[in-house]
Amino acid sequence: MKFAVFDHMDRGTVPLAQQYEERLILTEAYDRGGFHAYHVAEHHSTPLGIAPSPSVYLSAVAQRTRRLRFGPLVYTLGMHHPLRVMEEICMLDQLSRGRLEVGFGRGISPYELGYYGVDPEQSQGIYHESYQIIMQGLTQPVVNFQGRHFDLRDVPVEMQCLQRPTPPIWYGAGTPAATQWTAANAINIVCNGPAAQVRAITDQYRLHWQELGHAADAVPSLGMSRHVVVADTDAQAMDAARRAYRRWYTHLMHLWVKHGTLPRTLSFPDNFDDAQRAGLGIAGSPATVRDWIAEAADQAGINYFVCRLAFGDLTLAESLRSTALMAESVLPALATSLATEA
């Protein structure tokens, strides 16, 4: 199983310039600590995400790290021209010497899309056309596409990715229905729901994968994202997680509260204790976190565990300590135990 980090980059309590620098320090720690990849969200007009241009931020990550893979999870395709996204993907992959991981999505928030003048009802169609255009541009020297939203004729492609034919592609899967397309295209997935819901998705993905004639041990990354806080004691970790999760949850709900509505597809509790009881996060000592992750991964059928190690008002010192304890005591122990079981 591989371990990665997911970051909403929600607004903390320090000035923006300081927060960006502290996050870059954290990515250096992820790099040293043996994490496979770092995934960052894209959000707009909300304290849930202050990295609204993932490519700008990730170009700095590319220069501050050496081994760590990284990428957007996801590019919100409804809000960008696909040719621009395609060119930025090529730039980032070249700047990082082939370490880019690329996630695509249509955008979960109708309010963020609306602020950009995008009709949420049209976002799925825009997403599908944009995805086709980007994949064509990454693999062919000329883009030709005629659709409902885009009409592109004889557009020359002057840039290519270092990774051929494309960098690894990612998708946020919420239901088993998403697995037929993702398996058919060897797309990696990440899920947010409870373990039983994730297991239904990963089981269905593996079924489609085997029906396509692929080897079971060659299945793409099937991931699950969880809030994780590690400290020297369970009590210290819980205190930090409770405090930071409260702020993160306020950011998550910010636009929905502003518009007097509730999200239909987000099921996070409003406090960390309930989130942990629901299996959506863990706070504890290294031993507590190690045992919890091992059990959660088995229940969910995943091979890729994504930690949210920086959120809310966690300080740089708290997140660095979580990262160090994960790297020293959790990742090596789980790698050893999983290898023994295999």
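Whatever comes next refers back to the structure up there.
Residues numbered from 1 in each chain as written. Predicted model: local features only at pLDDT ≥ 70, side-chain atom pairs only at ≥ 80, totals over all residues. Heavy atoms only, no water.

Remarks on the overall build of the protein
The number of helices and strands found in the protein is eleven helices and twelve strands. Counting only C-alpha atoms and orienting by the principal axes, one finds that the protein spans roughly 60 × 45 × 40 Å. Burial analysis of the protein (342 residues in total) assigns 54% to the buried set. Considering only residue pairs separated by 6 or more positions, the protein has 72% of its internal contacts joining residues 24 or more positions apart. Total accessible area on the protein stands at roughly 14,800 Å², and carbon and sulfur atoms take up 52% of it. (Helix = DSSP H or I, 4+ residues; strand = E, 2+ residues; numbered from the N terminus. Buried < 20%, exposed > 50% of the residue type's maximum accessible area, 1.4 Å probe, protein only. Contact = heavy atoms within 4.5 Å. Areas by Shrake-Rupley, 256 points an atom, 1.4 Å probe, with all protein chains shown as cover.)

Focus on the side chain of Glu 22
Tracing the chain through its elements places Glu 22 in helix H1 (residues 16–33). Buried charge without a salt bridge: Glu 22, with Arg 23 as the nearest opposite-charge side chain at an N-O distance of 6.2 Å. Ignoring sequence-local partners within four residues, the contact set of Glu 22 consists of Val 14 and Leu 316. (Lys, Arg positive; Asp, Glu negative; His and termini not counted. Salt bridge = Lys/Arg side-chain N within 4 Å of Asp/Glu carboxyl O.)

Details of helix H3 (residues 82–95)
For H3, which comprises 14 residues, the first-to-last C-alpha distance of 20 Å matches the rise-based estimate of 20 Å (1.5 Å per residue) to within 8%. Phi for Arg 97, located one or two positions after H3, is positive at around 60°. (Expected span 1.5 Å × (residues − 1).)

Thoughts on the environment of Ile 169
Turning to its location among the elements, Ile 169 is positioned in strand S8 (residues 169–172). The exposure class of Ile 169 is buried, given its relative accessible area of 8%. Distance in space between the C-alpha atoms of Ile 169 and Val 74 is 10.0 Å, their sequence separation being 95 residues. Excluding residues that lie within four positions of it along the chain, Ile 169 makes contacts with Val 102, Phe 104, Tyr 131, Met 135, Ile 187 and Asn 188.

Details of the pairing of strand S9 (residues 188–191)
In S9, alternate side chains face the same way, and those of Asn 188 and Val 190 on one face and Ile 189 and Cys 191 on the other are all buried. Bridging between S8 and S9 involves three bridges; their strand directions are parallel. Looking at the pairing, Tyr 171 lines up with Ile 189 of S9. Taking the sense of rotation as the criterion, the β-α-β connection linking S8, helix H6 (residues 179–184) and S9 turns out right-handed. With three bridges joining them, S9 and strand S10 (residues 222–230) adopt parallel strand pairing. Bridge pairing in S10 links Cys 191 to Met 224. (Pairing = 2+ DSSP bridges. Right-handed = clockwise from strand over helix to strand, strands pointing away.)

Focus: the packing of H3 against helix H5 (residues 123–139)
The N-to-C vectors of H3 and H5 enclose an angle of 40°; their axes lie 9 Å apart at closest approach. Considering the angle they form, H3 stands oblique to H5. Considering the relative orientation of H3 and H5, their crossing is right-handed. In this structure, H3 contributes Pro 82, Leu 83, Val 85, Met 86, Ile 89 and Cys 90 to the contact, and H5 contributes Ser 130, Ile 133, Ile 134, Gly 137 and Leu 138. Taken together, the residues of the contact of H3 with H5 break down into nine nonpolar, two polar and no charged. (Axes fitted to C-alpha atoms, helices over the stretch in contact; angles between N-to-C directions. Parallel < 35°, antiparallel > 145°, perpendicular 65-115°, else oblique. Left-handed = near helix turned anticlockwise from the far one by under 90°. Nonpolar A, V, L, I, M, F, W, Y, C, P; charged D, E, K, R; others polar.)

With respect to the environment of Val 289
If you trace the backbone, Val 289 turns up in helix H10 (residues 286–300). As a C-alpha pair, Val 289 and Leu 325 span 36 residues in sequence and 9.9 Å in three-dimensional space. Excluding residues that lie within four positions of it along the chain, Val 289 makes contacts with Val 228, Val 229, Val 230, Ile 282, Ala 283, Gly 284, Met 326 and Val 330.

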